[in-house]
Amino acid sequence: MKNLKNNEGSVVTAAVIVLLVVLLLSGAMYMVGGSYYRSSINNYSKRQAYLYAKGECSALANYLVFYGEESSNPYYVKVVGDSIALKDIEIRKKNSNKKIDKIQSSTGSVKRTADDQMDYTVTVTVGGQSSTVTLSCKKINGDWQFGSYS
C-alpha cells in the first residue's frame, strides 16, 4: 500500500504529456499553415496567368479592330478554317519595354472560324499554373468588334 501513495515523478510525467500535446498541435498548425500558403501561391499564379492571357488576347485583337483587313495587320487570317500559330509571345508591362519575368511560357493562335468571326487564343503559364483565354471578334456592319471572352 505504501508504494501506491508514492507520487514521486508524477510532475515530470505530466509535463512530458503536456509537452507532447503542444508539439503535436504545433506540428499540425505548421502543416495547415504550409498547405494554406502553397494554395494561396497557386491561386495567385493561376490568376496572374489568366490576367496576362486576357490582356494579350485584347492586345492581339486590337490589331484587328484598328487595322481591320489591311496588310499592316500581322494577325489577320484571310481564309476560313486557317490559323496562325503564335509562339513565345512577349508580354510586356503596360507603357514599358520591360518583359514580365514571372511568365514561364506564352503561346497562342489566331483562327478564322467564319467569314465574320476570328478567334484569338492565348495560353500563359506563371508559377507552374496555366490559363487559356479565347477572345472572339465579330465583323458587324463592316467593322471588326470585340466579342466575348471564354
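Quantities reported herein were computed from a predicted structural model and do not represent experimental measurements. (Residues numbered from 1 in each chain as written. Predicted model: local features only at pLDDT ≥ 70, side-chain atom pairs only at ≥ 80, totals over all residues. Heavy atoms only, no water.)

## Topic: the sheet that holds strand E3 (residues 117–126)
Think of a sheet as strands paired side by side through backbone hydrogen bonds, with each pair either parallel or antiparallel. Across the sheet, five strands lie side by side as E1-E2-E3-E4-E5; this open sheet has antiparallel pairing. In this open sheet, the two strands that pair with only one neighbour each are strand E1 (83–87) and strand E5 (143–149). Each strand axis lies, on average, 20° off the axis of its neighbour in the sheet, ignoring direction. With 10 bridges connecting them, E3 and strand E4 (residues 129–140) associate as antiparallel partners. By the bridge assignment for E4, Val126 is matched with Gln129. Here helix H1 (residues 10–67) sits on the sheet in contact with E1, strand E2 (103–114), E3, E4 and E5, set at roughly 25° to E4. (Pairing = 2+ DSSP bridges. Helix = DSSP H or I, 4+ residues; strand = E, 2+ residues; numbered from the N terminus. Axes fitted to C-alpha atoms, helices over the stretch in contact; angles between N-to-C directions. Contact = heavy atoms within 4.5 Å.)

## What to know about unusual backbone geometry
Phi at Asn141 takes a positive value of approximately 55°, unusual for a residue other than glycine. One can find Asn141 in the loop between E4 and E5. Look at Asn141 and you get exposed, because its relative accessible area is 79%. (Buried < 20%, exposed > 50% of the residue type's maximum accessible area, 1.4 Å probe, protein only.)

## Observations regarding the nonpolar core
Counting residues in hydrophobic clusters, the biggest one holds 24 residues, and the most contacted among them are Met118, Tyr120 and Val124. Contributing elements (two or more residues each) for this core: H1, E2, E3 and E4. The greatest single-element share of this core, amounting to seven residues, is contributed by H1. When sequence neighbours within four positions are dropped, the list of residues in contact with Met118 reads Leu64, Tyr75, Tyr76, Val77, Val110, Lys111, Arg112, Thr113, Leu135, Ser136, Cys137 and Trp144. (Core = buried A, V, L, I, M, F, W, Y, C linked by side-chain atoms within 4.5 Å.)

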